Amino acid sequence: MRLLITGGAGFIGSHLCDMLMEKGHEVICIDNFATGTPQNLLQLEGRPGFSLVRQDVTEHLDVEGPLDYVLHFASPASPVDYMNLPIQTLKVGALGTHKALGVAKAKGARFLLASTSEVYGDPEVNPQPEGYWGHVNPIGPRSVYDEAKRFAEALTMAYHRIHGIDTRISRIFNTYGPRMRLKDGRVIPNFIMQALSQQPISVFGDGSQTRSFSYISDMVAGIYALMGADYHLPVNLGNPQEMTVLELARRVRDLTGSSSSIVFRPLPQDDPQRRKPDIGRARELLGWEPKVGLEEGLTKTIAWFRTVMT
Ligand code: UDP
């Protein structure tokens, strides 16, 4: 296949590029490097069939030649980033999705949207199945991401229904692994960086809020499986192993052998209290489920952070 991936220099995007190249596809990656970096793609530089273009996906996209697939992964995804880049986040979710869908339509290509568990907001049901409509504050600080992704899902479904585009929607839950930036701001890179530098580990609120973390290799495998499925409604992808943020802080401290203290900081506004994917649909439809447990995934991620911090 010949594929276009937006946001291909980001955390998930760059791992997808690696996997797609490994499988022998041709990959055109576009990224404006707002939160991604060409460093994430150095290993693919100069490889036949790979190209990286610096471009903002909210502007007109001109891609030469045929395309079989468009993967729309461009967006800030860390709460710290999308609160620092609120208008860019809204633009890439809305205008960027429109442009990416327009390319898929013009080329007769299939399309996959990277959506998010944030469409469920601060959920009133746990775990969250795809049929849950969510509990989102439309004007809160997280709304710039949540509503942009909800709009992106709506636009994707409209292009499917009206233009007959062959679309997929992946709802990606918390994912971690190598290539997250040291200053990403999300909980796992923060905790690992703090633990490795013997700084206090910053738990927001009382740490009783929960998350469920998927290792990057499982996520990329799930996305690839969904690309090949003939299914147009959203599919949750994530690891259902749920834990509190305080438990996570202790696990990271133990696995790093750190003597960091754990300190409590104010809980950011609208921080979801619980999050756990119901992955029944992905299991049934894709025969997929996560394989990497938290200890194994954290151990690999910590090893990678050690190499970049030295
Ligand atoms: N969090 C924390 N300390 C940090 C960063 C995040 O306690 O240094 C908490 C945050 O309040 C949230 C959870 O960890 O409850 C996950 O946050 P993250 O930013 O990774 O992503 P989210 O799941 O909220 O999108």
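See the structure shown above.
Model, not experiment: these values are computed from the prediction.

(A) Seen up close, the environment of Gly49. Along the chain, the position of Gly49 falls in the loop between β2 (26-31) and β3 (50-54). Overall, Gly49 belongs to the partly exposed group, its relative accessible area being 32%. For Gly49 and Met1, which are 48 residues apart along the polypeptide, the C-alpha to C-alpha distance reads 10 Å. Leaving out residues up to four positions away in the same chain, Gly49 has contacts with Met21, His25, Glu26 and Val27.

(B) Layout of the site of the ligand. With respect to spatial proximity, 18 residues lie near the ligand, and among them Asn190, Ser202, Phe204, Arg211 and Asp271 are the closest. In the model, an oxygen atom of the ligand is placed 2.8 Å from a nitrogen or oxygen of the Asn174 side chain. In isolation the ligand offers 520 Å² of accessible surface; the protein chains occlude 96% of this area. Elements that contribute at least two residues to the shell around the ligand include exactly α5 (187-196) and β8 (201-204).

(C) Quick peek at the layout of surface pockets. Each pocket or cavity is described by its volume, and for the second largest pocket that value is around 210 Å³. If you go around the second largest pocket, the residues you meet are Val119, Tyr120, Glu130, Gly131, Tyr132, Trp133, Arg150, Glu153, Ala154, Arg171, Pro234 and Arg281. The biggest single contributor to the lining of the second largest pocket is helix α4 (residues 143-163), with three residues. Its residues assigned to classes, the lining of the second largest pocket shows six nonpolar, one polar and five charged.

(D) Geometry of the packing of α5 against helix α9 (residues 294-309). Relative to each other, α5 and α9 sit at 60°, their axes nearing to 10 Å. Between α5 and α9, the angle falls in the class oblique. The crossing of α5 and α9 is right-handed. Taking contact as the criterion, the partners of Ile188, Pro189, Ile192, Met193 and Leu196 in α5 are, on α9, Leu298, Thr301, Ile302, Phe305, Arg306 and Met309. Among the residues forming the contact of α5 with α9, the class breakdown is nine nonpolar, one polar and one charged.

(E) Here's a closer look at the pattern of salt bridges. Under the defined criterion, the tally for this structure stands at 16 salt bridges. Residue Glu118 pairs with Arg275 through a salt bridge whose shortest N-O separation is 2.6 Å. Pair noted here: Glu118 is in the loop between β5 (110-116) and α4 and Arg275 is in the loop between β13 (262-265) and α8 (280-286), with a separation of 157 residues, a long-range link. Note on accessibility: Glu118 and Arg275 belong to one class, buried.

(F) Summary view of helix α3 (residues 86-107). In this model α3 runs 31 Å from its N-terminal to its C-terminal C-alpha over 22 residues, within 8% of the 32 Å that 1.5 Å per residue would give. The largest bend in α3 is about 35°, located at Val92. When α3 is considered as a whole, its buried residues turn out to be Thr89, Val92, Gly93, Gly96, Thr97, Ala100, Leu101, Val103 and Ala104. In this fold, the buried residues of α3 make contact with β1 (2-6), β4 (69-72), α2 (79-84), β5, α4 and β6 (167-172). Gly108 sits one or two residues past α3 and shows a positive phi near 65°.

(G) Quick look at helix α6 (residues 216-227). When the terminal C-alpha atoms of α6 are compared, their 17 Å separation across twelve residues agrees well with the 16 Å that a helix rising 1.5 Å per residue should span. Within α6, burial applies to Ile216, Asp218, Met219, Val220, Gly222, Ile223, Leu226 and Met227.

(H) Inspection of the pairing of β6 at higher detail. With six of six residues buried, β6 lies mostly within the body of the structure. Of the two faces of β6, the one carrying Thr167, Ile169 and Arg171 and the one carrying Arg168, Ser170 and Ile172 are both buried. With six bridges joining them, β5 and β6 adopt parallel strand pairing. Its bridge partner lying in β6, Leu112 is registered against Arg168. Regarding topology, α4 serves as the crossover connection from β5 to the parallel β6, and that connection is right-handed.

(I) Molecular detail of unusual backbone geometry. Residue Asn126 is joined to Pro127 through a cis peptide bond whose omega torsion reads -5°. In this fold, Pro127 is placed in the loop between β5 and α4. Of note, Arg179 is a non-glycine position whose phi angle comes to about 85°, a positive value. In this structure Arg179 comes out as buried when scored by relative accessible area, which is 17%. Of note in this structure, Gln198 is not a glycine but carries a positive phi near 55°. If you trace the backbone, Gln198 turns up in the loop between α5 and β8.

Procedures and definitions
- Residues numbered from 1 in each chain as written.
- Predicted model: local features only at pLDDT ≥ 70, side-chain atom pairs only at ≥ 80, totals over all residues.
- Heavy atoms only, no water.
- Helix = DSSP H or I, 4+ residues; strand = E, 2+ residues; numbered from the N terminus.
- Buried < 20%, exposed > 50% of the residue type's maximum accessible area, 1.4 Å probe, protein only.
- Contact = heavy atoms within 4.5 Å.
- Near = heavy atom within 4 Å.
- Polar contact = N/O pair within 3.5 Å; in protein donor to acceptor, adjacent residues only side chain to side chain.
- Areas by Shrake-Rupley, 256 points an atom, 1.4 Å probe, with all protein chains shown as cover.
- 1 Å grid on protein atoms, 1.4 Å probe; cavity = no way out; pocket = protein on both sides within 12 Å on 5 of 7 lines; lining within 4 Å.
- Points joined across faces, edges and corners; volume = space filled by probe spheres on them.
- Nonpolar A, V, L, I, M, F, W, Y, C, P; charged D, E, K, R; others polar.
- Axes fitted to C-alpha atoms, helices over the stretch in contact; angles between N-to-C directions.
- Parallel < 35°, antiparallel > 145°, perpendicular 65-115°, else oblique.
- Left-handed = near helix turned anticlockwise from the far one by under 90°.
- Salt bridge = Lys/Arg side-chain N within 4 Å of Asp/Glu carboxyl O.
- Expected span 1.5 Å × (residues − 1).
- Bend = angle between axes of the 7 residues up to and from the residue.
- Pairing = 2+ DSSP bridges.
- Right-handed = clockwise from strand over helix to strand, strands pointing away.

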